[in-house]
Every structure is written in structure tokens, then in C-alpha cells.
Amino acid sequence: MKSFALLTLLTVASGEQFVGKLSTLMHDVSGDIYAKGEHSLVIKNFKYDGAGPDAFFWVGKTGSPSKTNETMTMILAYPFEGKNYEYRDESAPVLKEHTGTTLELTLPEQYKASDLKWISVWCRKYSVNFGELMFPENFQVSESEDVPHPLAPASPEPEPESEPESEPESEPEAESEPGYDHDHHDASAEPESEVEPEPKAGSATAAVTLSVVFLSLLSLL
């Protein structure tokens, strides 16, 4: 009981949810399976002698490994190199020997751990089940343990909101001294130019008359 409680605490702390143990049917297959969010399975202490000529990890959404709809199944490649394989795809890599390995399997984007009914170490060539785990009925991944799919594009991080720039405080205009405009000089402050008085018309006439009289006197001499 104490060991189970400790296992549960370690599972929660690591973000992995214990699903169950692989049954040993052939070729020494065994291991403990955990769901790491909805898109990954972790198998701890996995053992397999590697003797199967066409063996791999195989998961399905319906039935069981020996009786299922192939279109609802998928080969999980290990090591994962960016893709998984449909059941009839001959290019799927063959599973090699493991002696207590901890490995991680990546589910296709259209698959979730909560949707799975079973996982098997399966030999396609002879249609033989080397070991399996039937998922618990109504198995659900805890929301706190769900993580984004490894192949999903990273969501853009929200840009930090920029603080509104405070407008620079306008400096108070210096008070102008009374009677002084900074932009326009007061006309009264400029010295007025002296206007020469125009000669009066009467004075000009008198001057002409005097000239005529003076010339007349000169002619009499």
C-alpha cells in the first residue's frame, strides 16, 4: 500500500499518469506504461528480446489486438523520427532488443491517450501478440498532466503590453513683462522718424514776389 502511494506521488510529480503493465505473452515482453499528457506514452523498464522479425508497438481505438479495425490503429515508431505508420506500411521500423529501457512513444495528432483501447508489441508477419495492455475502461488523462503535441506548432507568445508613453509635460511659458511682446515689438517702443514740415504755399509766393522786385530795381540802376 505504501509503495503504491509512493508510486502515485512520483507519477503526479513527473506529470505522468500510470496506465498499467504490459502482459508477458512471448519474447520476455514487459514494462510499465504511463500517459504523459494526451499525446505521449512512456514505457518504463521495458524488456523485449528483439527476436521478432516484424515487431513494433501497435495501438488501437477499438476492439483488441487480435480483433480490431485496422483503420483505427497506428504503428508507433521507436525511435520516433517525426512520423508514425499505418498498419500496412512496410517502411515501419522493426523494434529492437531492450533490457529495461525507459522510452517515450509519440501519438499521431489525431490520436489521444484517452481514446486508446489497447497497446501491443505485435509481430505483423505472423500476426502474433508478444505482450499487451488493455486500457482501463473510461480512462482519462488528468487536465493538469496534458501537454501540447510535440509536432504542434508553438503558439505565439502574447506580446507584452506596452505601457502608454506619458506625454512630456509642456514647460510653462515665461510670463512676458507688461507692455512687451516676445514675438512682436510694440510700435510705440520704436523711435518715430521726424517728418519734415512741408513749406507753406503763402511763403513760396512771397519769395517769388521779392525776387521780381529785386530784379526790377537792378534794371533801373
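Definitions and limits used
- Residues numbered from 1 in each chain as written.
- Predicted model: local features only at pLDDT ≥ 70, side-chain atom pairs only at ≥ 80, totals over all residues.
- Heavy atoms only, no water.
- Salt bridge = Lys/Arg side-chain N within 4 Å of Asp/Glu carboxyl O.
- Helix = DSSP H or I, 4+ residues; strand = E, 2+ residues; numbered from the N terminus.
- Buried < 20%, exposed > 50% of the residue type's maximum accessible area, 1.4 Å probe, protein only.
- Pairing = 2+ DSSP bridges.
- Axes fitted to C-alpha atoms, helices over the stretch in contact; angles between N-to-C directions.
- Contact = heavy atoms within 4.5 Å.

Student: Any chance you could explain the pattern of salt bridges here in plain terms?
Tutor: Close approach of charged atoms allows side chains with opposite charge to pair. Applying the stated criterion to the full structure yields 6 salt bridges. Of the charged contacts, one joins Arg-88 and Glu-70 as a salt bridge, the two residues approaching to 2.6 Å between their closest N and O atoms. Here Glu-70 lies in the loop between β4 (55-60) and β5 (73-76) and Arg-88 lies in the loop between β5 and β6 (98-106), a separation of 18 residues in the sequence. Taking the relative accessible area as the measure of exposure, Arg-88 reaches 58% and is therefore exposed. Overlapping salt bridges bring together Asp-54, Glu-90 and Arg-124 as one network.

Student: Any chance you could explain the sheet that holds β5 here in plain terms?
Tutor: Within a sheet, adjacent strands bond to each other through the backbone by hydrogen bonds, running parallel or antiparallel. Reading across the sheet, the 4 strands line up as β5-β4-β7-β8 and stay open at both edges, with antiparallel pairing between neighbours. Where the open sheet ends on each side, the last strands, each with one partner, are β5 and β8 (128-134). Neighbour to neighbour, the strand axes of the sheet diverge by 25° on average, direction disregarded. Note: β4 against strand β7 (residues 118-123), 6 bridges, orientation antiparallel. Pairing of Phe-57 across the sheet is with Val-121, part of β7.

Student: Which parts of the structure should I look at to understand the environment of Gly-131?
Tutor: Along the chain, Gly-131 turns up in strand β8. Not counting residues within four places of it along the chain, the set of residues in contact with Gly-131 comprises Leu-22, Ser-23, Leu-25, Val-29, Ile-119, Ser-120 and Val-121.

Student: How should the environment of Glu-81 be read in this particular structure?
Tutor: Among the secondary structure elements, Glu-81 is positioned in the loop between β5 and β6. Relative accessible area serves as the criterion here: at 70%, Glu-81 is assigned to the exposed category. Considering only alpha carbons, one finds Glu-81 and Thr-106, 25 residues apart in sequence, at a separation of 9.7 Å.

Honestly, that's just the spatial picture; any functional story needs more than this.
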